[in-house]
Structure formats: structure tokens, C-alpha cells
Number of protein chains: 2
Amino acid sequence: MCELLGMSANTPTDLCFSFTGLTQRGGKTGPHSDGWGVAFYDGRGVRLFHDPQPSATSPVARLVQDYPIKSEIAICHIRQANVGAVTLANTHPFVRELWGRYWVFAHNGQVHSFQPCSGLFEPVGSTDSEALFCDLLNELQANLMRDVPISELTAFLEQKARSYAEQGVFNCLLSNGEWLFTYCATKLASITRRAPFGAAQLKDTEMIVDFRAVTTPNDVVSLIATEPLTSDETWDVYQPGEWRLWQRGEVVARS
Amino acid sequence: MCELLGMSANTPTDLCFSFTGLTQRGGKTGPHSDGWGVAFYDGRGVRLFHDPQPSATSPVARLVQDYPIKSEIAICHIRQANVGAVTLANTHPFVRELWGRYWVFAHNGQVHSFQPCSGLFEPVGSTDSEALFCDLLNELQANLMRDVPISELTAFLEQKARSYAEQGVFNCLLSNGEWLFTYCATKLASITRRAPFGAAQLKDTEMIVDFRAVTTPNDVVSLIATEPLTSDETWDVYQPGEWRLWQRGEVVARS
């Protein structure tokens, strides 16, 4: 299995603290040592870092831990390979352009014998995850209009996610830079931080951050992760089959 | 204008030395301070670094200078903005998936009033360069089969490149991970290094590399750049309208 981490914020926020916690699980406190990747949206653009090396020891991961790249939406993934070799092409998150926006996707779980319908979006690597993503984009492209209302879009995403989850395990993070769609088949939890901010202690390494020092009273920052990343905060655990749509740090729609 | 740098090698090779020279031109020895980006192929995958900050002072650029990321094909670009704001979405190189491979493109020049034909590939940002790339992919997708012979593919690429160059200035680097296509409208030069290797001195900063220390006798490494990067080697300057197709460090087809 793998671990997911997403962020939605109402102001450009760095992911250094949470990323530091997560990357320990890539070869140190966890077995997810088959690569990692992260996507940070910046306006319509997206900044990507991918590495097939374990995140706990990757020099690129160290840069991302130390250099505060600010974003309102980020998607991160550390991998424990089940389907597909440990290669760069199989490293999440995956990115494609649809309707003039970059769509970013990361998946936790397995859908072993997934048979994608054919279409314009094709996997480059050999994971079930990338095949699922391409299938989802092909279905979106074939069935919806580009300016579809968000309620119709999320209904479509939920229906597709549910059908993938029926064929295996499908937890996912998906974004087009405007919103962050999160679907839980088995395991996902979130936390929203807002004023009055306090301190938090990472579970996976000796690190405490006092958010008062790095925030303004208006900031709202939410994290969505496979497993809670801090030991002294209460995370809101998703139910199996639950989805939440995040925008600017808040849940704007849910199942 | 901008500066391009491409690499084609017959063995995974890092770009640290040439990248160090090029990035000086992003705010230090040159005016190309409106961002930079680089793509390194690794198998079918591609590792991307993009930054809208000047390359001469970017912490991410420093990582790429110091951390030897090995690749057989790399495409790098430093930007001096003419068309489109200084944003991440406007930062080259651009990437799209076509026929199950990642295609990477960087452009030097301007095609001001370019009118792309419509199609599935759409620009995310506002540069003429990305619009040209999307147009090229739409034309490829509409007119060629995925397993078209390389001679037919390059004839098509040449014809498109020539038509873009007739509308403005169009120097480009393009790859799908199997080959590196280079087209010169106004300015491009290459150098091929092979045994017996010697030393070389960068033009833009005090740095000498002795390639004997970092190569084997079988290595063939070629660089293609807008302007020669070294002061003590003879670069092979392209003629206007000339194209060369590179594979494993060698020119395998040319105009």
C-alpha cells in the first residue's frame, strides 16, 4: 500500500512540516520506500517533484522539506510498490492536461485486474493507479462538458470512484487546481487548522511546529492523509465510501 | 528571448556542469531571469523541475547543479519573458502525454500572433510557445499513427517547424524519450564529446571539468544549446532552417 497526503489552504502555505512527517514513512518509520512524489499548484501551473528513491533518504525530498514551496493545493504520495516496478514512470502523483488545466492524481490501494476503456489518455507506466487515472479522464472527457457545474462533476467523480472501489481498493486525491476531491474506500483522515493556532507534534519524528509563528488569524489550512500525521491533534476520520471536496481549506461539498 | 539546452547521451549522464553554466545566464551573466525549467527522462518517466524565479539564485536550481540526476535525454530552458506573464504555468519545458509517452518541448523565439488549430491538447498558460506545442501535438495526433516510421515523423516535424518559423522565430527542442528533435530557425549549436575526453571551461563562470574523471571510453554525450557554453571547445553551429535528430548522443538524421 501507499500513503497519501493532500493540502487545501486559503492562502499559499508550505507543506514542510507535514511532508517531513510523511517522508519518514518512506523507509524509516514506514515501509513505503519505493519512491515518492509531490505536486504543488501555483496559479494554473504545477510544480512537480518525483523520485523513485526512498523519501527518507532522497536529496530531492530534503529540498522539499527545507525549502518552503507555498501552494493552496498540494498532493503528495509515498509508494510501496504492489503493481508495477519501482521506476520513475510508476511514481505518483500523475499529471495530465484536460480542458486547459493540469489534473493531478494520487491513489492508495490496488485494483488488480482493472481494464480501462480506451481513449486519448494512456498510461505511460505500468501501474493500475495510472490506468485508473487515465480511465477517469477519458470518461470525463467523453461524458461531461468543460464548464460543468461542480455538483454534476462531483456526482460523476463519486460514481466513478465507487465503481473503482468495487473492483479493489480505491482511496484517492484528485485536483485540477481549483478544488481537491478526496475519496475514501478504506482509509483517509483530515484535519483543519485555523485560529487560534497552536502547536503540533509529528508522530514520525521529533518535530514540533508552533503554527502561531507562521500563520495569520485568517488562515485556514487543511490536510488529508491516509494516517494522521500528528500525535496531539484530533483528526477527522473518513467513513468507507465517503468523499469530500475541499476548496480554500474548507469542505465545500461532501457525500 | 530565451536560452535552450538539450542533452543526448548513450549512457545516463548528469547535466550539472552545463546546467551550472546555463543558469548563470538567468540573472547573472545573462538577462534570462524570468524562470527556468528542466526535464530529465529516466526510462519512460520524466523528472521535472520548474521555477518562475531566476535560475542564478533559485534554491531548486542549486539542487539540480549539485545533485547529479542522470539521464540519456534532458531538455532545459531559461526564460526571458516576451509573451505571457512570469508564472509557473508559463515556464518551459512543457509536457504532455501522447500515445503513451511523455512529450517534452522547449522553445526559443516568438510567434506573436500564432493561431493554433483546435484540438484535444490545450495550453494551460498564456505563452505562444505552449500554444505552438499543443498545436504540434494536435497535428501529430490527427495526422500520424502512433508507430509511424521515424523518417515520416521527422518529415512531419520539419514541415511543422518550418511553418511556425515562417510566422516568427522558432528554435526548439522536442523529445518523446526515445529521440531528441532539434530545429534551428536562427540560433542553435551542438557539441559531441567522446573519447579521448579532455577538460572544458565554462564561459559563464569559473568552472572547469575534466571529463576523463567522470566518463568511460564508450561514452558519447552531446549538448545542443542556443549559445556555446564552453570557451575552449569548438561547437558545431546549426544553419538557419536546419534540423537534427539525436539518439544516444549521435545525430541519426538531419536535414
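The model shown is predicted, which means the values in this text are computed figures rather than measured ones.

Calculation criteria
- Residues numbered from 1 in each chain as written.
- Chains lettered and ligands numbered in written order.
- Predicted model: local features only at pLDDT ≥ 70, side-chain atom pairs only at ≥ 80, totals over all residues.
- Helix = DSSP H or I, 4+ residues; strand = E, 2+ residues; numbered from the N terminus.
- Rg over C-alpha atoms; globule rule 2.2 N^0.38 Å.
- Buried ≥ 20, exposed ≤ 12 C-beta atoms within 10 Å, placed from the backbone.
- Contact = placed C-beta atoms within 7 Å.
- Pairing = 2+ DSSP bridges.
- Nonpolar A, V, L, I, M, F, W, Y, C, P; charged D, E, K, R; others polar.
- Axes fitted to C-alpha atoms, helices over the stretch in contact; angles between N-to-C directions.
- pLDDT = per-residue confidence, 0-100.
- Least-squares fit on C-alpha atoms with pLDDT ≥ 70 in both.

Considering the overall build of chain A
The helix and strand inventory of chain A stands at 4 helices and 15 strands. In terms of C-alpha radius of gyration, chain A reaches 17 Å, essentially the compact-globule figure of 18 Å for 255 residues. Burial status across chain A gives 50% buried among its 255 residues. A fraction of 69% describes how many contacts in chain A between residues 6 or more apart in sequence connect residues 24 or more apart.

Remarks on the pairing of strand β7 (residues 171–175) of chain B
Residues and elements named next belong to chain B. Counting buried residues along β7, 5 of its 5 residues qualify, which places the element largely inside the surrounding structure. Along β7, one buried face is formed by Asn171, Leu173 and Ser175 and the opposite face, lined by Cys172 and Leu174, is buried too. The pairing of strand β6 (residues 101–108) with β7 spans 5 bridges and is classified as antiparallel. Residue pairing in the sheet places Ala106 in a bridge with Leu173 of β7. Examined bridge by bridge, β7 and strand β8 (residues 180–183) share 4 bridges and lie antiparallel to one another. When the sheet's bridge partners are listed, Leu174 is paired in β8 with Phe181.

Side note on the environment of Val220(A)
All names here are of chain A. As for its position among the elements, Val220 is in strand β12 (residues 220–225). Put simply, Val220 and Phe197 are 23 residues apart on the chain and 9.8 Å apart in space, counted from C-alpha to C-alpha. For Val220, the residues in contact, after removing those within four places along its chain, are Ala9, Asn10, Thr192, Arg194, Arg248, Gly249 and Glu250.

Brief notes about the interface of chain B and chain A
Each side of the interface is counted separately: chain B has 27 residues, and chain A has 27 residues. Of all elements in the fold, only β3 (45–51), α2 (59–66), β5 (94–98) and β6 of chain B reach the threshold of two or more residues within the side of chain B that touches chain A. Per element, the largest residue contribution to the side of chain B that touches chain A is 4 residues, and it comes from β3(B). Each residue belonging to the side of chain B that touches chain A can be placed in one class, and the counts come to 13 nonpolar, 7 polar and 7 charged.

Details of the sheet that holds strand β2 (residues 36–42) of chain B
Residue and element names in this part refer to chain B. Ordered in space as β3-β2-β4-β1-β12-β9-β13, the 7 strands form an open sheet in which the pairing is antiparallel. Bordering the open sheet on either side are β3 and β13 (236–237), each of which pairs with just one other strand. Each of β1 (3–13), β2, β4 (71–78) and β12 (220–225) touches helix α1 (residues 16–24); the most contacted strand, β4, lies at about 5 degrees to it.

Quick word on the confidence of the model for chain A
Across chain A, pLDDT averages 93, with 100% of residues at or above 70. On the interface metric, ipTM, the complex scores 0.94, and its pTM is 0.96.

Section: the relation of the copies chain B and chain A
Each copy of the sequence occupies a distinct position, and chain B is placed on chain A by a rotation of 180 degrees and an axial shift of 0.0 Å, giving an RMSD of 0.0 Å. Within this description, the copies of the chain are treated as partners about a two-fold rotation axis. Proximity to the rotation axis, assessed at the C-alpha, singles out Leu48(B) in chain B; its C-alpha lies 3.1 Å from the axis.

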